[in-house]
Amino acid sequence: MYHHWLLPKTLIVSALLPSLAYSQVNAGDAGARSPDAFQWIQPANTTILSEYGHSPPVYPSPKISGTSEWETALNKAKHFVSSLALDEKAWLVTGVPGPCIGNIGPVLRLNFTGLCLQDGPNAVRPSDYVSVFPSGITIASSWDRDLIYDRFHDLGLEYKGKGAQVALGPVGGALGRTPYGGRNWEGFSPDPYLTGVAMESGVRGLQDAGVQATIKHWLLYEQETQRSPTLYPNGTLEFSAYSSNADDRTIRKSTPFSFFFFFFFFACLAAWPLAYQYGIAFLLNRELS
């Protein structure tokens, strides 16, 4: 059983998480690094963010806005963030060690007891005494919205029973643009519409069971091999991560369609931070992120 961090009732997770991104930190053995280790990430005396470049800023920057239920959630999240001290903000966006894939530590003085973000789309892992459900591509082959909903609802009950507040699923990318993709089975279909319908049913099922859904992976995550850079033991670069190159129509009309349904059900959106398009990391691309 995971440590059961309970959310305060006044906090809406779907509004808080986009405001406070998280990452796990692993310091490693600094003594074994060469003097020029990680220079490919941030060369000395430059403003380049990485060897993969960066995109020009987009102005005006999008403003967070809320409509309907989003407005209430957004106001609560803003109030919570405005009450945080600087070190508490750093604490939340850094993450802490814990039993889950992602762990956000508590701020007890504000009655925030932390978050457990846990994989995966087919089962709660790594864990014991849980079910392994049919894969996304299998359940989508049924063309049955109710069956997809039931599958994710039952999965959500197991997440909640293990003490996780956030489920890292369902998966809409890899979309399956190539049959050689190593993670196509996690997604639903190369057809963006079918994937979008399945994502909507999956999000509703998980969240009706009492856990927050997280749709992933945004965007063009169609290859597992070399998704991250390969480093030598001393921290220097051996092989770069691959770059997903696609034309504007594919990026803006085909692939994102499978993610559109989630806007109506308040799911979180997760991007793989080391996916690239034309050499620019998505999380460094101000238009795509």
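Up top you'll find the structure we're talking about.
These remarks concern the structure in this document. Just so you know, the residues in each chain are numbered from 1, in the order the chain's sequence is written. Thresholds applied to this predicted model are a pLDDT of at least 70 for local features of residues and 80 or more for the giving and counting of side-chain atom pairs; totals over whole chains, interfaces and linings are not thresholded and use all residues. As a convention, hydrogens and water are excluded, and side-chain values are obtained from all of the structure's heavy atoms.

Looking at the nonpolar core
And then number 1: The biggest cluster of nonpolar side chains holds 26 residues, and the ones touching the most others in it are Phe152, Leu155, Tyr159, Phe188 and Leu206.
And then number 2: Helix numbering and strand numbering both begin at the N terminus, where a helix is a DSSP run of H or I of at least 4 residues and a strand a DSSP run of E of at least 2. Breaking this core down by element, the ones donating at least two residues are helix H4 (136-140), helix H5 (145-161), helix H6 (192-208) and strand S4 (212-215). Residues belong to a common nonpolar core when they are buried Ala, Val, Leu, Ile, Met, Phe, Trp, Tyr or Cys residues joined through side-chain atoms within 4.5 Å. When a residue's accessible area, from a 1.4 Å probe over protein chains only, is under 20% of the maximum for its type it is buried; when over 50% it is exposed; and in between it is partly exposed.

Points about the pairing of strand S2 (residues 115-118)
And then number 1: Side chains Leu115 and Leu117 of S2 all project onto a buried face; the interleaved residues Cys116 and Gln118 project onto the opposite face, where all are buried too.
And then number 2: One ladder, built from three bridges, connects strand S1 (residues 102-104) with S2; its direction is antiparallel. Counterpart to isoleucine 104 in the pairing with S2 is leucine 115.
And then number 3: Strands are treated as partners if at least two bridges between them are detected by DSSP. Relative to strand S3 (residues 166-167), S2 is paired through two bridges, and the arrangement is parallel. Bridging across to S3, leucine 117 finds its partner in valine 166.

Considering the side chain of glutamine 118
And then number 1: With respect to the helices, strands and loops of the structure, glutamine 118 is situated in strand S2.
And then number 2: A polar side-chain atom of glutamine 118 sits 2.3 Å from the main-chain carbonyl oxygen of arginine 125. Nitrogen and oxygen atoms within 3.5 Å of one another constitute a polar contact, given that in protein one can donate a hydrogen and the other can accept it, and given that sequence-neighbouring residues count only through two side-chain atoms.

So, empty space enclosed by the protein
And then number 1: Only protein atoms enter the calculation, which uses a 1 Å grid: trapped sets of points that fit a 1.4 Å probe without letting it out are cavities, open sets showing protein on both sides within 12 Å along at least five of seven lines are pockets, and any residue with an atom within 4 Å of a point is a lining residue. Grid points are joined across faces, edges and corners, and a volume is the space filled by probe spheres set on the points. Applying the stated criterion across every chain, the model contains two cavities of 30 Å³ or more.
And then number 2: Space inside the largest cavity adds up to approximately 60 Å³.
And then number 3: Around the largest cavity, the lining comprises 13 residues; the ones closest to its centre are Ala174, Arg183, Tyr221, Gln223 and Glu224.
And then number 4: Three categories are distinguished: nonpolar for Ala, Val, Leu, Ile, Met, Phe, Trp, Tyr, Cys and Pro, charged for Asp, Glu, Lys and Arg, and polar for the others, with Gly belonging to the last. Here the lining of the largest cavity is composed, by residue class, of three nonpolar, six polar and four charged.
And then number 5: Each pocket or cavity is described by its volume, and for the second largest cavity that value is around 30 Å³.

Focus on the state of the cysteines
And then number 1: Note on disulfides: each one is a pair of cysteine sulfur atoms within 2.5 Å. On inspection of all chains with the given rule, the structure shows one disulfide.
And then number 2: In this model, cysteine 100 is linked to cysteine 116 through a disulfide, with the two sulfur atoms separated by 2.0 Å. Classification of the bridge connecting cysteine 100 and cysteine 116 rests on its S-S torsion, roughly -100°, and on that basis the disulfide is left-handed. Of the two residues, cysteine 100 is situated in the loop between helix H3 (86-94) and S1 and cysteine 116 in strand S2; the sequence distance between them amounts to 16 residues. No difference in accessibility class separates cysteine 100 from cysteine 116, as the two residues are buried.

Some remarks on a negative patch on the surface
And then number 1: Exposure above 30% relative accessible area and no salt bridge define the residues that can form patches, which grow by joining like charges within 9 Å and nonpolar side chains of Val, Leu, Ile, Met, Phe, Trp and Tyr within 5 Å. Only the protein chains shown count as cover for residues, and the accessible areas themselves come from Shrake-Rupley with a 1.4 Å probe. What counts as a salt bridge is simple: a side-chain nitrogen of Lys or Arg found within 4 Å of a carboxyl oxygen of Asp or Glu. When charges are counted, Lys and Arg are positive and Asp and Glu negative, with His and the chain ends excluded. All charge positions are set by atom: Lys at NZ, Arg at CZ, Asp at CG, Glu at CD. A contiguous patch of negative charge on the surface is contributed by Asp144, Asp146, Asp150 and Asp154.
And then number 2: Within the secondary structure layout, aspartate 150 lies in helix H5.
And then number 3: The partly exposed category is assigned to aspartate 150, whose relative accessible area is 40%.

Quick notes on unusual backbone geometry
And then number 1: Cis geometry is found at the peptide bond from arginine 125 to proline 126, where omega equals -15°.
And then number 2: Between glycine 169 and the following residue, proline 170, the backbone shows a cis peptide bond with an omega angle of 5°.
And then number 3: Considering the arrangement of structural elements, one finds proline 170 in the loop between S3 and H6.
And then number 4: The backbone of tyrosine 129 sits at a positive phi, close to 55°, despite the residue not being glycine.
And then number 5: Position of tyrosine 129 relative to the elements: it lies in the loop between S2 and H4.
And then number 6: The exposure class of tyrosine 129 is exposed, given its relative accessible area of 80%.
And then number 7: A positive phi angle, near 60°, is found at glutamine 226, a position not held by glycine.

Some words on the pattern of salt bridges
When their charged atoms lie close together, side chains carrying opposite charge are able to pair.
And then number 1: Under the counting rule described, the total for this entry stands at nine salt bridges.
And then number 2: Here arginine 204 ties to glutamate 200 by a salt bridge, and the two come within 2.6 Å at their closest N and O atoms. A residue pair is termed a helical-turn pair when its members lie 3 or 4 positions apart in one helix, as arginine 204 and glutamate 200 do in helix H6 at four residues.
And then number 3: The partner of arginine 227 in a salt bridge is glutamate 224, with the nearest N and O atoms 3.7 Å apart.
And then number 4: Salt bridges here are not isolated pairs; linked through shared partners, they connect Arg183, Glu186, Glu224 and Arg227.

Digging into the packing of aromatic side chains
And then number 1: Ring geometry is summarised as follows: Phe, Tyr and Trp rings, the Trp one being its six-membered ring, pair when their centres sit within 6.5 Å, and such pairs are stacked at plane angles under 30 degrees, edge-to-face over 60 and tilted between the two. What the rule picks out here adds up to two aromatic pairs.
And then number 2: When the ring centre of phenylalanine 152 is taken as origin, the NZ or CZ atom of arginine 151, which lies over that ring, is 4.4 Å away. Either the NZ atom of lysine or the CZ atom of arginine qualifies as a charge over a ring when it sits within 6 Å of the ring centre and within 35 degrees of the ring normal.

Brief notes about the side chain of serine 189
And then number 1: Tracing the chain through its elements places serine 189 in the loop between S3 and H6.
And then number 2: At 3.0 Å, the side chain of serine 189 and the backbone nitrogen of aspartate 191 are in polar contact.
And then number 3: In what follows, a contact means two residues having at least one pair of non-hydrogen atoms within 4.5 Å. Those residues within four positions of serine 189 in sequence are excluded, and the remaining contacts are Leu175, Leu194 and Thr195.

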